[in-house]
Amino acid sequence: MVDSIRVLAMDAVQEAESGHPGTPMALAPAGYLLWTRHLKHNPANPEWADRDRFVLSCGHASMLLYSLLHLTGYDLPLDELVNFRQWNSATPGHPEVHVTPGVDTTTGPLGQGLANSVGMAFAERWLAQRCNRPGHDVVDHRTWVFCSDGDLMEGVSHEAAELAGHHRLGKLTWIYDDNRVTIEGDTKLASSTDQQRRFEGYGWRVLRVDDGNDLDALDRAFADAASQHHCPTLVVVRTMIAWGSPNKAGHHSTHGAPLGVEEIRLTKQALGYPSLEPFWLDPKAVDSWRTARRRGECMEAEWHARLDSHRIAHPDVAAELERLLEGRLPDSWDRNLPDLRGRAYATRSASGTAIQALATSVPELIGGSADLGSSNKTDIVGGGSFLPDTPAGRTLHFGVREHAMGGILNGMALHGGVRPFGGTFLQFADYMRPAIRLAALSELPVVYVYTHDSIGLGEDGPTHQPIEHLASLRAIPNLLDLRPADPAETVEAWRVALAHTAGPAFLALTRQKVPDLHGGEAAPAEGLRRGGYVLIEGSGTVPEAILVATGSEVAITVAARLLLEEEGIVTRVVSLPSWYLFMRQDDAYLRAVFPPEAPVRVAVEAGVSFGWERWVGEGGAVVGIERFGASAPYQDVYEQLGLTPARVADVARSLVAARRATLAQT
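The structure displayed is predicted, hence computed values, not measured ones.

### Focus on the overall build of the chain
And then number 1: Helix and strand content of the chain: 25 helices and 20 strands.
And then number 2: Over its C-alpha trace the chain gives a radius of gyration of 28 Å, about what one expects of a compact globule, namely 26 Å for 666 residues.
And then number 3: Along the longest, intermediate and shortest principal axes, the C-alpha atoms of the chain span 90 × 60 × 45 Å.
And then number 4: In the chain, buried positions account for 61% of the 666 residues.
And then number 5: For the chain, the proportion of contacts with a sequence separation of at least 24, taken over those separated by at least 6, is 76%.
And then number 6: As presented, the chain carries roughly 24,900 Å² of accessible surface, and 50% of it is formed by carbon and sulfur atoms.
And then number 7: Of the side-chain charges in the chain, 60 are positive and 82 negative, and the distance between the mean point of each set is 2 Å.

Dropping the structure here:
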């Protein structure tokens, strides 16, 4: 049974002529024991809500996971393993959630899975506290992780492990493949860390297995870890990469290259494997593996019996649990969102007001910030802090750990039952970018609250003033951008963000106050739902100039419009808070907002102009910032960098004059 994993890993990587055979071969005994004796899962139902979560943080070892899924009876036929790393196969080079049945998270960038696992343990603890009742533990599962030397080198591992220890996550176990090999050679080239002491310093319990082939020792260690409820456990397993290969075992070359046809033949002979035929599996071994399916069906059936008993004893709680697990928002979930028209607020403050309102009707909304709660306005007032002794709390305290925060939010969303959000300054989105990218790839409904979104934060200066960040984040596929112009748009932004379940969303919010723009002749803020809309129409039928902006700069265009209209230049103002949403509108709507016969368009944003050419076209211009900011009162910074109504009017006036001259000549 163990050698089945090794054979599948060797053969699939050889067939693809690329991949990572060494780690699956080394971890085959640990994978066999965990998946047949300790992991609570049902191959017949990969979505069983109370299953244990499994994270292969060393995602390059994907053939280990694919072998385990196939052998235990998930819907992953052998043909998919033969098609490893091929177009449209269910076995991509690194595991992807939603692509392969039984994959709980997308991994590959090292360390991300570790942070995901902490989020999964967070979600399990919170959901258990909310929905379990004495004698009715319907949420009760663990999170298991396979991780590598590379995972533990990544900085995010330190952030995630420290927070896990602080929270005493007793249902979390990391199994560390201590093979002391990296791509470049021995780990001594770059590390001399005593991992046991490191994790003990974090408050973890550490177990050791000195031989990764010792099934009895592995079995005892996993059972010991599963009995732990007071702190997370690290199981250090000493392995040899590519174990079983006569000529390449222990060599770093086996990390990311096929063994070769001849070495595979020699390895199968050395293992005493019955057949040299590629992908051949012993039918008796497969039958033994498939007992995991019967075991899983029995465990899920027992859970359903407990769930039925829970429904009878606590029907309201059971109904809520069902809703949470299905990911459905409550009926009329947005009923308490306030009407903030007529008020001048910083949009971060308007966001905080929206969060408080949503928290009253969406109990699964939980989140916090990377030690910036009072600045990001992300604390849920009256919701309590999520801490080891108060696991029902709704305000998360990530500490100054933006990267781990991003990965933890992903893990919470992957687990299900909660709607997580996290905040920091927009500038520090850089620290969590890998996690944002994976959230977008994995289609996770995570909300990021990014405040202090421009030079408008003023005196903190260029180190904290995001210039390139909006352009950078907009470049990530499947990431919903929302930069509201005023309090009314901010409320709509939250309504859109929470209703969006096909991927992550971020709100870019101001530190400084912005005026209400939705009085008088302005269109309703509901236009935000289409990404962009005509906020204020020009005085004529066809605008001579269109001023378009996002966030705090929309107010600048409104003031510039007044200057231009006084001069007889028919000027339209377009608010464009979301490129993501606007790009998804039909051509008729796009032409209605930006008529082809009105080519004079001026975009205004307190950031780099990169990307705005899409909207202004050849006849337009961008008033942006092509340098870093400066430390001064924000009004002075805007003035000095030329983001003023007068300058915007000057640029538009010049373009209109050129356009009029051209029309006169023709």
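### Notes on the state of the cysteines
And then number 1: Applying the stated criterion across every chain yields a total of zero disulfides.
And then number 2: Of the cysteine sulfurs around Cys-231, a residue in no disulfide, the closest is that of Cys-147, at 16 Å.
And then number 3: A residue is classified by how much of its surface remains accessible, and Cys-231, at 14% relative accessible area, is buried.

### Observations concerning the nonpolar core
And then number 1: With 68 residues, the main nonpolar core has Trp-174 and Tyr-448 as its most contacted residues.
And then number 2: Looking at which element gives the most residues to this core, the answer is helix 5 (residues 112–131), with 11 residues.
And then number 3: Leu-39, Ala-61, Leu-68 and Trp-144 belong to the second-largest nonpolar core, a separate cluster that totals 55 residues.

### Observations regarding the sheet that holds strand 17 (residues 545–549)
And then number 1: On the basis of which strands lie adjacent, the open sheet formed by five strands has the order 16-18-17-19-20 and mixed pairing. Of all strands in the sheet, those bounded by a partner on one side alone are strand 16 (533–536) and strand 20 (621–623). Each neighbouring strand pair of the sheet contributes to a mean axis angle of 30°, computed without reference to strand direction.
And then number 2: Bridging between strand 19 (residues 601–604) and strand 20 involves three bridges; their strand directions are parallel. Considered in strand 20, the bridge of Val-602 is made with Ala-621.
And then number 3: Strand contacts of helix 25 (residues 645–665): strand 17, strand 19 and strand 20, with the helix running at about 160° to strand 19, the strand carrying the most contacts.

### Considering the packing of helix 16 (residues 402–415) against helix 17 (residues 433–442)
And then number 1: Packing of helix 16 against helix 17 brings their axes to within 7 Å, and their N-to-C directions diverge by 20°. The orientation of helix 16 with respect to helix 17, classified from their angle, is roughly parallel. You can see that helix 16 and helix 17 cross each other, and the crossing is left-handed. Residues His-403, Gly-406, Gly-407 and Asn-410 of helix 16 form the contact with helix 17, whose participating residues are Pro-434, Ala-435, Leu-438 and Ala-439.
And then number 2: Grouping the constituent residues of the contact of helix 16 with helix 17 by class yields four nonpolar, four polar and no charged.

### Here we look at the side chain of Ser-148
And then number 1: By the secondary structure assignment, Ser-148 is in strand 2 (residues 143–148).
And then number 2: Here Ser-148 falls in the buried class, since its relative accessible area comes to 8%.
And then number 3: Among the polar contacts listed, one links the side chain of Ser-148 to the side chain of Asp-151, at a separation of 2.9 Å.
And then number 4: Once residues within four sequence positions are removed from consideration, Ser-148 is found in contact with Cys-58, His-60, Leu-110, Tyr-176 and Asp-177.

### Quick notes on the packing of helix 12 (residues 291–313) against helix 13 (residues 315–326)
And then number 1: Put simply, helix 12 and helix 13 touch, their axes get as near as 5 Å, and they point 130° apart. Between helix 12 and helix 13, the crossing angle belongs to the class labelled oblique. Where helix 12 abuts helix 13, its residues Leu-307, His-310, Arg-311, Ile-312 and Ala-313 lie against Pro-315, Val-317, Ala-318 and Leu-321.
And then number 2: Looking at the contact of helix 12 with helix 13 residue by residue, the class counts come to seven nonpolar, one polar and one charged.

### Notes on unusual backbone geometry
When glycine is set aside, most residues are seen to have a negative phi, and most peptide bonds are trans.
And then number 1: One non-glycine residue, His-98, adopts positive backbone phi at about 80°.
And then number 2: In this fold, His-98 is placed in the loop between helix 4 (78–82) and helix 5.
And then number 3: For His-98, a relative accessible area of 58% translates into the label exposed.
And then number 4: Non-glycine residue Ser-332 carries a positive phi angle of around 50°.

### Digging into the environment of Leu-71
And then number 1: For Leu-71, the location among the structural elements is in helix 3 (residues 62–72).
And then number 2: Using a relative accessible area of 0% as the deciding quantity, one classes Leu-71 as buried.
And then number 3: Taking the C-alpha atoms as reference points, Leu-71 and Ser-4, separated by 67 residues in sequence, lie 8.3 Å from one another.
And then number 4: Excluding residues that lie within four positions of it along the chain, Leu-71 makes contacts with Ser-4, Ile-5, Leu-8, Leu-281, Val-286, Trp-289 and Arg-290.

### Some thoughts on the sheet that holds strand 1 (residues 53–56)
And then number 1: Here five strands make up an open sheet; going across it, the order is 1-2-3-7-6 and the pairing parallel. Single-partner strands in this sheet number two, and they are strand 1 and strand 6 (205–209). Averaged over neighbouring strand pairs, the angle between their axes works out to 15° when direction is ignored.
And then number 2: With four bridges connecting them, strand 1 and strand 2 associate as parallel partners. Bridge pairing in strand 2 places Val-55 opposite Val-145.

### Topic: the pairing of strand 17
And then number 1: Strand 17 sits mainly inside the fold: five of its five residues count as buried.
And then number 2: Residue alternation in strand 17 divides its side chains into two sets, Ala-545, Leu-547 and Ala-549 and Ile-546 and Val-548, and both sets are buried.
And then number 3: For strand 17 and strand 18 (residues 571–575), the ladder comprises five bridges, and the chain directions are parallel. For Ala-545, the partnering residue across the bridge sits in strand 18 and is Thr-571.
And then number 4: In terms of handedness, the path from strand 17 via helix 20 (residues 553–566) over to strand 18 forms a crossover that is right-handed.
And then number 5: The sheet contact formed by strand 17 and strand 19 spans four bridges and is parallel. In the strand pairing of strand 19, Ile-546 is matched with Arg-601.

### Quick word on helix 17
And then number 1: For helix 17, the set of buried residues is Ala-435, Ile-436, Leu-438, Ala-439, Ala-440 and Ser-442.
And then number 2: On its buried face, helix 17 sits against helix 5, helix 16, strand 12 (447–451) and helix 18 (469–474).
And then number 3: Once helix 17 finishes, Glu-443 follows within two positions and takes phi at roughly 60°, a positive value.

### Thoughts on the pattern of salt bridges
And then number 1: Enumeration according to the criterion identifies 33 salt bridges in this entry.
And then number 2: Here Asp-3 ties to Arg-6 by a salt bridge, and the two come within 3.0 Å at their closest N and O atoms. Of the two residues, Asp-3 and Arg-6 are both situated in helix 1 (residues 2–16); the distance of three residues between them amounts to about one turn of the helix.
And then number 3: In this structure, the salt-bridge partner of Asp-50 is Lys-40, at a minimum N-O distance of 2.9 Å. Residue Asp-50 is located in the loop between helix 2 (22–38) and strand 1, and its partner Lys-40 is located in the loop between helix 2 and strand 1; the two are separated by 10 residues in the primary sequence. Considered together, Asp-50 and Lys-40 belong to a single accessibility category, that of buried residues.
And then number 4: Sharing partners across several salt bridges, the network here consists of Asp-453, Arg-474, Asp-481, Arg-483, Glu-553 and Glu-605.

The rules behind each value
Residues numbered from 1 in each chain as written. Predicted model: local features only at pLDDT ≥ 70, side-chain atom pairs only at ≥ 80, totals over all residues. Heavy atoms only, no water. Helix = DSSP H or I, 4+ residues; strand = E, 2+ residues; numbered from the N terminus. Rg over C-alpha atoms; globule rule 2.2 N^0.38 Å. Buried < 20%, exposed > 50% of the residue type's maximum accessible area, 1.4 Å probe, protein only. Contact = heavy atoms within 4.5 Å. Areas by Shrake-Rupley, 256 points an atom, 1.4 Å probe, with all protein chains shown as cover. Lys, Arg positive; Asp, Glu negative; His and termini not counted. Charge placed at Lys NZ, Arg CZ, Asp CG, Glu CD. Disulfide = S-S within 2.5 Å. Core = buried A, V, L, I, M, F, W, Y, C linked by side-chain atoms within 4.5 Å. Pairing = 2+ DSSP bridges. Axes fitted to C-alpha atoms, helices over the stretch in contact; angles between N-to-C directions. Parallel < 35°, antiparallel > 145°, perpendicular 65-115°, else oblique. Left-handed = near helix turned anticlockwise from the far one by under 90°. Nonpolar A, V, L, I, M, F, W, Y, C, P; charged D, E, K, R; others polar. Polar contact = N/O pair within 3.5 Å; in protein donor to acceptor, adjacent residues only side chain to side chain. Right-handed = clockwise from strand over helix to strand, strands pointing away. Salt bridge = Lys/Arg side-chain N within 4 Å of Asp/Glu carboxyl O.

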